[in-house]
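Coordinate analysis (summary)
Below, each chain spelled out in residue letters.
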Amino acid sequence: QVQLVESGGGLVQAGGSLRLSCAASGSIFSFNKMGWYRQAPGKQRELVAVITSGGSTNYADSVKGRFTISRDNAKNTVYLQMNSLKPEDTAVYYCNAKGAPWSTIDYWGQGTQVTVSS
């Protein structure tokens, strides 16, 4: 079992930036995909960004051009750089790690709060 621990959340004004980190207790090299999800109050959890083991990335339309996901296999860490933050980005952000499609590996972190004030 790998533990995922998010950090870097906080309160920021609109237009500001934050960098979230997701540190894994073990190697992330074998994970097929690692991603960031978010859940705002009263809303369903949604995918924000995902990065594959090969380095391919995908983003929600709402964050394209503002957010960047990256991974450092040597540090077992995934990052989410968030720029030009908007009040609608306010949510709890969760880190996720998934194994191959045929596996049951699906780990979640505890979440970190991001609040963007207008």
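The text that follows walks through the structure, step by step, so that each part is easy to find. (Residues numbered from 1 in each chain as written. Predicted model: local features only at pLDDT ≥ 70, side-chain atom pairs only at ≥ 80, totals over all residues. Heavy atoms only, no water.)

**Concerning the environment of Trp102**
What counts is decided by this rule: What counts as a helix is a DSSP run of H or I of at least four residues, what counts as a strand is a run of E of at least two, and both are numbered from the N terminus.
For Trp102, the position within the fold is in the loop between β9 (91-98) and β10 (106-108). Residues Trp102 and Ala24, 78 residues apart in the sequence, show an inter-C-alpha distance of 22 Å.

**Brief notes about the packing of aromatic side chains**
Centre-to-centre distance and the angle between the planes together describe a pair of aromatic rings. Heads up, the condition is: Two aromatic rings from Phe, Tyr or Trp, using only the six-membered ring of Trp, form a pair when their centres are within 6.5 Å; if the ring planes differ by under 30 degrees the pair is stacked, by over 60 it is edge-to-face, and anything between is tilted. Relative accessible area decides the class of each residue, using a 1.4 Å probe on protein chains only: under 20% of the type maximum gives buried, over 50% gives exposed, and in between gives partly exposed.
One pass over the structure, following the stated rule, counts two aromatic pairs. Between Phe31 and Tyr107, the ring centres sit 5.8 Å apart and the planes meet at 80 degrees, which makes this aromatic pair edge-to-face. Residue Phe31 is located in the loop between β3 (18-24) and β4 (33-39), and its partner Tyr107 is located in strand β10; the two are separated by 76 residues in the primary sequence. Exposure remark for Tyr107: the relative accessible area of 15% places this residue in the buried category.

**Digging into the sheet that holds β3**
For the record, the criterion: At least two DSSP bridges between two strands are required for those strands to pair. Only the contacting stretch of a helix is used when fitting its axis, a line to C-alpha atoms as for every element, and angles between N-to-C directions run 0 to 180 degrees.
Judged by pairing direction, the sheet is antiparallel, and its four strands sit side by side in the order β1-β3-β8-β7 without closing on themselves. Of all strands in the sheet, those with a lone pairing partner are β1 (4-7) and β7 (67-72), marking the two edges. Across this sheet, the average inter-strand angle for adjacent strands is 15 degrees, counted without regard to direction. Of the strand pairs in this sheet, β1 and β3 are connected by four bridges, and their pairing is antiparallel. Bridge pairing links Leu4 to Ala24 in β3.

**Regarding the pattern of salt bridges**
We apply this condition: We define a salt bridge as a contact between a side-chain nitrogen of Lys or Arg and a carboxyl oxygen of Asp or Glu at a distance within 4 Å.
Within the structure shown, the criterion is met by five salt bridges. Between Arg38 and Asp89 there is a salt bridge whose closest N-O contact spans 2.9 Å. Of the two residues, Arg38 sits in strand β4 while Asp89 sits in the loop between β8 (77-82) and β9, which places them 51 residues apart along the sequence. Look at Arg38 and you get buried, because its relative accessible area is 6%. A salt bridge links Lys98 to Asp106; the shortest N-O distance between them is 3.5 Å. Each of the salt bridges in this network shares a partner with another, and the network as a whole consists of Arg38, Glu46, Arg66 and Asp89.

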